[in-house]
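Working through the structure, step by step
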Amino acid sequence: MTQNTVHAYAAPSPKAPLERTTIVRRELGEHDILIDIKFAGICHSDIHTVRGEWGEGGHFPLVPGHEIAGVVAEVGPGVTRHRPGDRVGVGCFVDSCRACENCRAGLQQYCTGELGSVGTYGAIGRDGQVTQGGYATRLVVDENYALRIPEGIALDAAAPLLCAGITVYSPLVHWQAGPGKKVAVVGLGGLGHMAVKIAHAMGAEVTVLSQSLRKKDDGLKLGADHYRATSDPATFEELAGTFDLILNTVSADLDLNAYFGLLRTDGTFVQLGAPEHPLSVAPFSLITQRKAFAGSMIGGIPETQEMLDFCAGHGIAAEIELIEAERINEAYERVLASDVRYRFVIDAATI
Ligand code: NAP
Ligand code: ZN
Ligand code: ZN
């Protein structure tokens, strides 16, 4: 084994269980840092990808993981942003063109350049190699695509902020959640529980819309003002015309039109969940009250840093269940059964 060979967990083919393996990381370049990964969160997107729900093909064997927290072990000669020993995180992308309008505006996740936003795993990087993610012991990444994790946040609870945290923070900022605003969060999973915490910290009035009342006590403790079951038809009658903003974090198909009915005039429904199949929109459920149906994807590097600093400032991090790597496949099954409170995080020392 050379120094660049690291242990990892990979799916050998679509839908196959993950297994322990080794992968080779690239040599440390001028502006690269080598990160000793300490923790990696399990995002539902990892599961969609491994199961081929976002299209067959892809690059297998595939090492998922884009909620990465660790410590800098080495830096390339030109690195100025990080030093050995620094606590750092890596999220959903590891590079982008750096020249397009979006990259220059710090919206690297929406890169329109030829390279595009290079996913942390399963993408083709600048060097032509397939990227491999964070279910591994070490990672080499360009210094500009690693975030600083503030001292106030434990590394294990910080890892999920790199995807779940920023994915909800960005639309909450963009659509101005704050005092006087009524925000609904659909689905109390990894993204949903972070949305409740962050929207509450921003001062909004927060309602959780969950399939059942099973997690109601948790939801209220996380900062929700109200908690309603979507299995109860009365929820849709009583809350009609209520919300300024609805964040949909559900990983499965949903009857969107029923939820549009919960928006007030000019309200916005933001789609964050990315289920396998197209969803259907009844035009009149939007046009009669000038309602908006929008989407949002993670966040750029500056906003991700802003989110980490916001969370540290408000004493916020993810609620996690720390697992050993050999339990990854079992954790996937539990996520699919909505049995997660509220993010599985892999202890990289067990990889
Ligand atoms: P998760 O932890 O599994 O949470 C999803 C939640 O959705 C579940 O906890 C459950 O909440 C609800 N749900 C699940 N199945 C449902 C069903 N059949 N009907 C109604 N509700 C259901 O997943 P996650 O990691 O938060 O990710 C959520 C989705 O966002 C995934 O599709 C993921 O790929 C996507 N995502 C998007 C972005 C982005 O940038 N837009 C970033 C990350 C993830 P209750 O039990 O409370 O009902
Ligand atoms: Zn994710
Ligand atoms: Zn770009």
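Computed from a predicted structure; not experimentally measured.

Time to look at the pattern of salt bridges. Pairing between side chains of opposite charge can happen when their charged atoms approach one another. Under the criterion given, the structure shown has 18 salt bridges. Residue Arg-126 is joined to Asp-95 by a salt bridge in which the shortest nitrogen-to-oxygen separation is 2.7 Å. Pair noted here: Arg-126 is in the loop between strand E7 (118-119) and strand E8 (138-142) and Asp-95 is in strand E6 (residues 93-95), with a separation of 31 residues, a long-range link. Judged by relative accessible area, Arg-126 falls into the exposed class, the value being 52%. Two residues, Lys-197 and Glu-319, come together in a salt bridge whose shortest N-O distance is 2.5 Å. Of this pair, Lys-197 sits in helix H5 (residues 190-201) while Glu-319 sits in the loop between helix H10 (301-313) and strand E16 (320-323), and the two are 122 residues apart along the sequence. In this structure Lys-197 comes out as buried when scored by relative accessible area, which is 11%. Linked through salt bridges whose partners overlap, the residues forming this network are Glu-321, Arg-327, Glu-330, Arg-334 and Asp-339.

All right, on to the sheet that holds strand E11 (residues 205-210) then. On the basis of which strands lie adjacent, the open sheet formed by six strands has the order E12-E11-E10-E13-E14-E15 and parallel pairing. Edge strands, defined here as strands with exactly one partner in the open sheet, are strand E12 (226-229) and strand E15 (292-295). With strand direction ignored, the average angle separating the axes of adjacent strands in the sheet is 20°. Sheet topology places strand E13 (residues 243-248) next to strand E14 (residues 263-271); five bridges connect them, and they run parallel. Considered in E14, the bridge of Phe-243 is made with Leu-263. Where helix H4 (residues 164-174) meets the sheet, its contacts fall on strand E10 (182-186), E13 and E14, and the angle it forms with E13 comes to roughly 160°.

This next bit is on the site of ligand 1. Among the 30 residues in the neighbourhood of ligand 1, the closest are listed as His-44, Leu-188, Ser-210, Lys-215 and Arg-343. Here Ser-45 contributes a side-chain N or O atom positioned 2.8 Å from an oxygen atom of ligand 1. Between ligand 1 and Arg-343, the relevant distance is 2.6 Å, taken from an oxygen atom to a side-chain nitrogen or oxygen of the residue. Look at ligand 1: alone it shows 920 Å² of surface, and the protein chains cover 89% of it. At the level of secondary structure, the elements contributing two or more residues to the shell around ligand 1 comprise helix H1 (44-50) and H5. If one sorts the elements of the shell around ligand 1 by residue count, H1 sits on top with three residues.

Bringing the domain arrangement of the chain into the picture now. When cut into domains, the chain gives domain 1 (5-163 + 299-350) and domain 2 (164-295). Measuring from the centre of the C-alpha atoms in domain 1 to the corresponding centre in domain 2 gives 26 Å. With 25 residues of domain 1 in contact, the opposing surface of domain 2 contributes 26 residues. Carbon and sulfur atoms supply 56% of the area that domain 1 and domain 2 bury against each other, a total of about 2200 Å² over both sides. Linking domain 1 with domain 2 are two salt bridges, by the criterion used here. Note that Asp-218 and Arg-341 form a salt bridge whose closest N and O atoms lie 3.2 Å from each other. Across the contact surface, domain 1 and domain 2 share 18 residue pairs in polar contact (both at pLDDT 80 or more). Residue assignment for the side of domain 1 that touches domain 2 shows that the elements contributing at least two residues are H1 and H10. Considering each element in turn, the side of domain 1 that touches domain 2 owes the most residues, six residues, to H10.

Moving on to the coordination of the zinc ion (ligand 3). At this site the zinc ion (ligand 3) is bound by Cys-97 (SG), Cys-100 (SG), Cys-103 (SG) and Cys-111 (SG), with donor distances of 2.3 to 2.4 Å. Each of the four donor atoms around the zinc ion (ligand 3) contributes to a set of angles spanning 102 to 117°, which defines the coordination as tetrahedral. Each donor residue of the zinc ion (ligand 3) belongs to the same chain, with the gaps between them written as C-x2-C-x2-C-x7-C. Separated by 14 residues along the polypeptide, Cys-97 in the loop between E6 and helix H2 (101-104) and Cys-111 in the loop between H2 and E7 bring together distant segments of the chain.

The rules we used
Residues numbered from 1 in each chain as written. Chains lettered and ligands numbered in written order. Predicted model: local features only at pLDDT ≥ 70, side-chain atom pairs only at ≥ 80, totals over all residues. Heavy atoms only, no water. Salt bridge = Lys/Arg side-chain N within 4 Å of Asp/Glu carboxyl O. Helix = DSSP H or I, 4+ residues; strand = E, 2+ residues; numbered from the N terminus. Buried < 20%, exposed > 50% of the residue type's maximum accessible area, 1.4 Å probe, protein only. Pairing = 2+ DSSP bridges. Axes fitted to C-alpha atoms, helices over the stretch in contact; angles between N-to-C directions. Contact = heavy atoms within 4.5 Å. Near = heavy atom within 4 Å. Polar contact = N/O pair within 3.5 Å; in protein donor to acceptor, adjacent residues only side chain to side chain. Areas by Shrake-Rupley, 256 points an atom, 1.4 Å probe, with all protein chains shown as cover. Domains from an automatic or database assignment. Buried area = accessible area lost by both parts, 1.4 Å probe. Donors = N, O, S within 2.8 Å, 3.2 Å for Na, K, Ca; no water. Tetrahedral: all angles 85-135°; square planar, octahedral: opposite > 155°, others 65-115°.

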